[in-house]
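# Analysis of the macromolecular model
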Amino acid sequence: MLLTLTSAALAALALGQDIDTTVQAARGDRLDISSYGGDVSIQTWSRNAVRVVASTSSRGRVEVSNVGAVVTVRTEGRRGPPPHIDLEITAPAWMRLDLSGVYTDVKVAGLQSPISIETVQGDVDVSGGQGNVSLQSVEGSVTLRNAKGRIEAHSVNQDVSVSDASGEINVETVNGEISLKHVDATSLEASSVNGDVRYDGPIHDGGRYSLTTHNGDIGLAVPAGTNASVSVSTFNGEFKSDFEVSVTQTHKGRRLSFTLGSGSAQVTLESFQGTIHLARPGKLEEGEDER
Amino acid sequence: MSDQWTDRLSEYLDGELAPSVRAELEQHLLQCAECEATLADIRRVVGRAGSLADRAPVGDLWPGIAQAIGATPPGGTKAVPIASARRPRRWSFSLPQLAAASIGLILASGGTVLLLHPGAARPGVAPVQSPSVINVGVEPRAARGYDAAVADLERVLTEGRGRLDTTTVKVIERNLATIDSAIVEAERAVESDSANVYLNSHLAATMRRKLELLRQAAALISAAS
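Not measured: the values here are computed from a predicted model.

Scanning chain B from N- to C-terminus turns up nine helices and zero strands. For chain B, the sequential pattern of α-helices and β-strands runs α-α-α-α-α-α-α-α-α. A fraction of 78% describes how many contacts in chain B between residues 6 or more apart in sequence connect residues 24 or more apart. Accessible surface for chain B amounts to roughly 10000 Å². Of this, 52% is attributable to carbon and sulfur atoms.

What follows concerns the interface of chain A and chain B. Contacts between the two partners involve 35 residues from chain A, matched on the other side by 31 residues from chain B. Considering only the side of chain A, the residues that lose the most area to chain B are His214, Arg255 and Phe272 of chain A, jointly responsible for 18% of the buried surface there. The tally of links between chain A and chain B comes to zero salt bridges. At the junction of chain A with chain B, the criterion picks out twelve residue pairs in polar contact (both at pLDDT 80 or more). Of all the secondary-structure elements, those providing two or more residues to the side of chain A that touches chain B are strand E17 (184-192), strand E19 (208-213), strand E21 (228-234), strand E23 (247-251), strand E24 (255-260) and strand E25 (265-271) of chain A.

Right, let's get into the layout of surface pockets. Taken as a whole, the second largest pocket holds about 650 Å³ of empty space. As for the second largest pocket, its lining consists of 34 residues, of which Ser229 and Gln266 of chain A together with Leu29, Glu36 and Ala37 of chain B are closest to the centre. Taken together, the residues of the lining of the second largest pocket break down into 14 nonpolar, 13 polar and seven charged.

Next up on the list: the packing of aromatic side chains. Residue and element names in this part refer to chain A. Per the counting criterion, the structure on display carries four aromatic pairs over all chains. Arranged with centres 5.5 Å apart and planes meeting at 65°, the rings of Tyr36 and Tyr103 form a pair that is edge-to-face. Pair noted here: Tyr36 is in strand E3 (residues 30-45) and Tyr103 is in strand E8 (residues 96-109), with a separation of 67 residues, a long-range link. Taking the ring centre of Phe243 as reference, the NZ or CZ of Arg280 above it sits at 3.9 Å.

All names here are of chain B. Turning to its location among the elements, Arg215 is positioned in helix H9 (residues 197-224). Overall, Arg215 belongs to the buried group, its relative accessible area being 11%. Spatially, the C-alpha atoms of Arg215 and Tyr12 are 33 Å apart, while their sequence positions differ by 203 residues.

Turning our eyes to something else, we now look at the pairing of strand E6 (residues 70-77) of chain A. All names here are of chain A. Extensive coverage of E6 is indicated by the burial of six of its eight residues. Alignment of E3 against E6, held across five bridges, turns out to be parallel. Its bridge partner being in E6, Arg30 is matched across the sheet by Val70. Here strand E5 (residues 60-67) pairs with E6 via eight bridges, running antiparallel. Counted as the bridge partner of Val64 is Val73 from E6. Counted between consecutive antiparallel strands, the loop separating E5 from E6 contains two residues, among which Gly68 sits at a positive phi close to 60°.

Here we come to helix H8 (residues 166-192) of chain B. An α-helical turn contains 3.6 residues, so any two residues separated by three or four positions project in the same direction. In this model H8 of chain B runs 39 Å from its N-terminal to its C-terminal C-alpha over 27 residues, within 8% of the 39 Å that 1.5 Å per residue would give. At the N-terminal end of H8 of chain B, a side-chain oxygen is found 2.7 Å from the backbone nitrogen of Thr167 of chain B, two or three residues along, and the residue is Asp165 of chain B.

This paragraph deals with helix H2 (residues 19-31) of chain B. All names here are of chain B. A rise of 1.5 Å per residue sets the reference length of H2, with its 13 residues, at 18 Å; its end C-alpha atoms lie 19 Å apart and thus fit the reference within 8%. Burial in H2 covers these residues: Leu25, His28 and Leu29. In an axial view of H2, the angular spread of the buried residues amounts to 105°, which keeps them on one side of the axis. Residues of H2 that are exposed and point more than 90 degrees away from the buried face comprise Pro19, Ser20, Leu30 and Gln31.

This part takes up the pattern of salt bridges. Residue and element names in this part refer to chain A. Taken as a whole, this structure holds twelve salt bridges over all chains when the rule is applied. Of the charged contacts, one joins Arg30 and Asp98 as a salt bridge, the two residues approaching to 2.9 Å between their closest N and O atoms. Of this pair, Arg30 sits in strand E3 while Asp98 is found in strand E8, placing the two residues 68 residues apart along the sequence. Salt bridges here are not isolated pairs; linked through shared partners, they connect Arg30, Asp32, Arg96 and Asp98.

Right, let's talk about the pairing of E25 of chain A for a bit. Residue and element names in this part refer to chain A. Of all seven residues in E25, six are buried, a share of seventy percent or more. Sheet topology note: the E19/E25 ladder contains six bridges and is parallel. Of the residues in E25, the one forming a bridge with Arg208 is Gln266. Pairing of E21 with E25 involves seven bridges; the strand directions are parallel. Along E25, the bridge assignment pairs Ser231 with Thr268.

This part takes up a negative patch on the surface. Side chains of Asp39, Asp86, Glu88, Asp105 and Asp123 of chain A sit close together on the surface and give a patch of like negative charge. Look at Asp86 of chain A and you get partly exposed, because its relative accessible area is 42%.

So, on to the environment of Val197 of chain B. All names here are of chain B. On the secondary structure map, Val197 appears in helix H9. For Val197, a relative accessible area of 2% translates into the label buried. Separated by 39 residues in sequence, Val197 and Thr158 place their C-alpha atoms 35 Å apart.

Moving on, we come to unusual backbone geometry. Residue and element names in this part refer to chain A. In this structure, Ala69 is a non-glycine residue whose phi angle is positive, near 65°. Structurally, Ala69 is set in the loop between E5 and E6. Taking relative accessible area as the criterion, Ala69 reaches 39% and is therefore assigned partly exposed.

Quick notes on the rules
- Residues numbered from 1 in each chain as written.
- Chains lettered and ligands numbered in written order.
- Predicted model: local features only at pLDDT ≥ 70, side-chain atom pairs only at ≥ 80, totals over all residues.
- Heavy atoms only, no water.
- Helix = DSSP H or I, 4+ residues; strand = E, 2+ residues; numbered from the N terminus.
- Contact = heavy atoms within 4.5 Å.
- Areas by Shrake-Rupley, 256 points an atom, 1.4 Å probe, with all protein chains shown as cover.
- Buried area = accessible area lost by both parts, 1.4 Å probe.
- Salt bridge = Lys/Arg side-chain N within 4 Å of Asp/Glu carboxyl O.
- Polar contact = N/O pair within 3.5 Å; in protein donor to acceptor, adjacent residues only side chain to side chain.
- 1 Å grid on protein atoms, 1.4 Å probe; cavity = no way out; pocket = protein on both sides within 12 Å on 5 of 7 lines; lining within 4 Å.
- Points joined across faces, edges and corners; volume = space filled by probe spheres on them.
- Nonpolar A, V, L, I, M, F, W, Y, C, P; charged D, E, K, R; others polar.
- Phe/Tyr/Trp six-rings, centres within 6.5 Å; stacked < 30°, edge-to-face > 60°.
- Lys NZ or Arg CZ within 6 Å of the ring centre and 35° of its normal.
- Buried < 20%, exposed > 50% of the residue type's maximum accessible area, 1.4 Å probe, protein only.
- Pairing = 2+ DSSP bridges.
- Expected span 1.5 Å × (residues − 1).
- Arc of directions from axis to C-beta.
- Patch = residues over 30% accessible without salt bridge, like charges linked within 9 Å, V, L, I, M, F, W, Y side chains within 5 Å.
- Lys, Arg positive; Asp, Glu negative; His and termini not counted.
- Charge placed at Lys NZ, Arg CZ, Asp CG, Glu CD.

Below, the structure written as structure tokens:
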């Protein structure tokens with residue numbers, strides 16, 4: 001029994017050599033990757049299997065296993081922290097991905113499944129993802145395209161960019177810009193402290209959209225026919241609109257509100273000391289460039 | 001900003017108002033942007049409560065926080081069954097209580113679960129009774145709780161910084177400084193216009209952001225240990 005388990009657990013254990021190994025995966029299995037440092041590149045294929053290609057030095061090793069419905073890929077050091085090891089992984093598009101890294105740049109393309117990625121010093125670049133998609137980097141940028149579902153994209157020190165995506169979207173950074181382009185958000189919460197926030201996409205009836213920043217500009221593309229109650233707040237900033245709006249309420253402290261159409265959606269735009277700009281779809285960046 | 005309806009907004013959200021009162025309030029909301037904005041802020045807090053992940057605490061910070069805000073019941077904190085904690089809780093949010101509630105929410109989400117709203121309850125989670133965190137009639141307590149939580153987490157960062165890469169520490173400290181600067185600016189703005197709903201909620205959100213980043217740093221230290 002123990003021997004069988006050990007055999008299954010160590011489908012591949014490479015030490016100080018190039019590895020190219022493939023383990024079988026059954027539908028529903030999860031891919032769990034732990035990479036201390038290096039580039040991790042994940043792409044998809046039609047086979048129900050996971051292929052791992054890597055080069056390791058004598059100081060590091062890569063462990064690949066499939067136990068308990070989890071395909072695990074782990075970089076390890078012989079003594080102390082693992083060295084940087086680049087991983088090229090190919091997996092089925094349906095396979096859920098959990099990845100954690102430290103000095104790790106991550107690039108994923110083609111997965112149509114839930115994705116969770118956390119890294120500290122590295123960029124995250126994902127094309128794809130369905131269901132819960134959660135991407136986080138402390139020091140790197142986060143870029144997401146072609147995702148659908150409940151999306152979280154967080155950075156601390158860099159920009160966050162989401163495009164051609166749809167669903168409930170939550171994006172934030174401290175010291176970076178947020179760009180949401182061709183995004184179909186049913187609800188949106190986008191917040192930065194020291195950067196611009198821009199959203200170009202539909203505003204759905206009944207949806208809630210919140211774009212906030214402290215020290216940056218807000219840009220919102222508003223499609224014709226939008227039904228929204230819009231609340232605009234700033235302290236030291238300005239408000240401008242490329243189209244006419246009928247302000248229904250103004251308040252002390254540079255706050256105003258107005259209704260578009262039936263007012264069904266709730267839109268909150270807040271910049272402590274930046275410009276809040278309404279534009280038509282596709283015109284947002286032109287407007288920003290004019291400044 | 002406070003009027004006769006302000007303190008009834010939470011009941012409105014909870015669906016506890018009589019139909020006639022509800023209709024009257026809804027009519028009022030059409031004419032009162034302040035109440036409408038406050039309602040939106042409360043909704044945001046509730047939404048945040050529902051979306052908060054149950055992150056494991058880096059350390060058990062709750063006793064210190066609870067003590068700081070006077071929330072420790074006799075005999076200390078204890079988990080209670082969900083069923084007994086699900087009784088409807090009446091809110092009494094108003095400004096600047098909303099700011100305190102918002103901060104209290106994030107204080108409570110680190111290792112203890114706060115049922116701010118019955119709808120925020122999730123199966124399998126045993127909440128800790130800490131009503132004082134959102135008993136926002138006591139904003140100074142919440143402020144002390146915030147200060148205590150920040151101090152706790154800053155101590156974790158100071159003591160554990162050697163376990164993180166120096167670049168990572170610098171990045172975290174630089175971003176904390178960015179947030180601190182924003183907090184100072186927001187505080188000054190609130191001093192100049194204390195009844196401003198936006199400024200109060202913005203200050204609370206920025207303070208929350210600092211806590212979140214400190215908590216993230218503490219989690220990195222914990223993971224590196």
